[in-house]
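Coordinate analysis (summary)
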Amino acid sequence: MKIGELWNRFKKSWIISAIVTGIVGLVLLLFPGNALLSVCYCIGGLTIAMGVIRVVRYFKLEHLYPYFFQSDLVIGLVTVGLGVFMVTSPQAVMSLLPNLFGALLIGCGIGNILRSVDAKNTGYTKWGVLLGMAILSIAAGFVVLNNPFGAIEVVVAVEGGCLIYQSISDFLITLVVNKKVKAIGQNEKAQQ
């Protein structure tokens, strides 16, 4: 199976993951004080789903390494673990919410650094933009971990904004990878 065909099969799940992350972020940003327990269950379930998608993608696309998806196994396992904790211990999660979101942002940022290096290694000239976005994600994670805001509602709203940023970052990275996969597919056609 060619790389373009494989990418098209998994591109949708990556885009859906970015959209779901953005929706969760928007809900947290707009309604920080409402139903934190329900939000915790929803985020936990969605986090598990996103993690499972990444782990499955890692094993299905193992032969594409070192080009794409190197970070999916680590990010997927961490994400599944965080999701399970959120669903099984929602009260503890609500008190730890800033730390969990900060850790998630840092983990995703580290994964995006790996993706930017992958983009550089495959010849993408604007890989520095991806690297910058990854660094911003890590910085946002550290800001949330240090919790300079005080009230949980403010923290939840800020975390919502950070998730929206992460969603946009993931979507842009998907576009970059899609462009590179198309170029690889054109090279494959030209070589035939």
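Residues numbered from 1 in each chain as written. Predicted model: local features only at pLDDT ≥ 70, side-chain atom pairs only at ≥ 80, totals over all residues. Heavy atoms only, no water.

Enumeration according to the criterion identifies two cavities of 30 Å³ or more in this entry. Quantified by volume, the largest cavity comes out at close to 190 Å³. Residue lining of the largest cavity: 19 residues in total, with T21, M50, L104, C108 and L163 positioned closest to the centre. Secondary structure elements with two or more residues in the lining of the largest cavity: α1 (3-30), α2 (36-60), α3 (72-88), α4 (90-121) and α6 (152-191). Looking at the lining of the largest cavity, the element that brings in the most residues is α2, giving six residues. (1 Å grid on protein atoms, 1.4 Å probe; cavity = no way out; pocket = protein on both sides within 12 Å on 5 of 7 lines; lining within 4 Å. Points joined across faces, edges and corners; volume = space filled by probe spheres on them. Helix = DSSP H or I, 4+ residues; strand = E, 2+ residues; numbered from the N terminus.)

The next thing to look at is the pattern of salt bridges. Applying the stated criterion to the full structure yields one salt bridge. Among the salt bridges present, the one from R54 reaches D170, with a minimum N-O distance of 3.7 Å. Linking R54 in helix α2 with D170 in helix α6, this pair joins segments that are 116 residues apart in sequence. Like D170, R54 is buried. (Salt bridge = Lys/Arg side-chain N within 4 Å of Asp/Glu carboxyl O. Buried < 20%, exposed > 50% of the residue type's maximum accessible area, 1.4 Å probe, protein only.)

With that settled, consider a nonpolar patch on the surface. A contiguous nonpolar patch, built from I19, I23, L26, V27, L29, L30 and F31 and spanning about 620 Å² of accessible area, is present on the exposed surface. Along the chain, L29 falls in helix α1. (Patch = residues over 30% accessible without salt bridge, like charges linked within 9 Å, V, L, I, M, F, W, Y side chains within 5 Å. Areas by Shrake-Rupley, 256 points an atom, 1.4 Å probe, with all protein chains shown as cover.)

For the structure on display, the rule yields one aromatic pair. Taking 5.0 Å as the distance between ring centres and 85 degrees as the angle between the ring planes, the aromatic pair formed by Y58 and F59 counts as edge-to-face. The class of Y58 is buried, set by a relative accessible area of 18%. (Phe/Tyr/Trp six-rings, centres within 6.5 Å; stacked < 30°, edge-to-face > 60°.)

All right, on to the confidence of the model for the chain then. Looking at the chain as a whole, the pLDDT averages 79, with 85% of positions reaching at least 70. The least confident element of the chain is α6, whose mean pLDDT is 78; the most confident is α3, at 86. (pLDDT = per-residue confidence, 0-100.)

Now for the nonpolar core. Judged by nonpolar contacts, the single largest core of 18 residues is most densely connected at L28, I43, M86 and F101. Of all the secondary structure elements, the ones that give two or more residues to this core are α1, α2, α3, α4, α5 (127-146) and α6. Top contributing element to this core by residue count: α4, with six residues. Contact partners of I43, with chain neighbours within four places excluded, come to V24, L28, M86 and F101. Counting nine residues, the second-largest nonpolar core is a separate cluster that includes Y124, L130, V176 and V177. (Core = buried A, V, L, I, M, F, W, Y, C linked by side-chain atoms within 4.5 Å. Contact = heavy atoms within 4.5 Å.)

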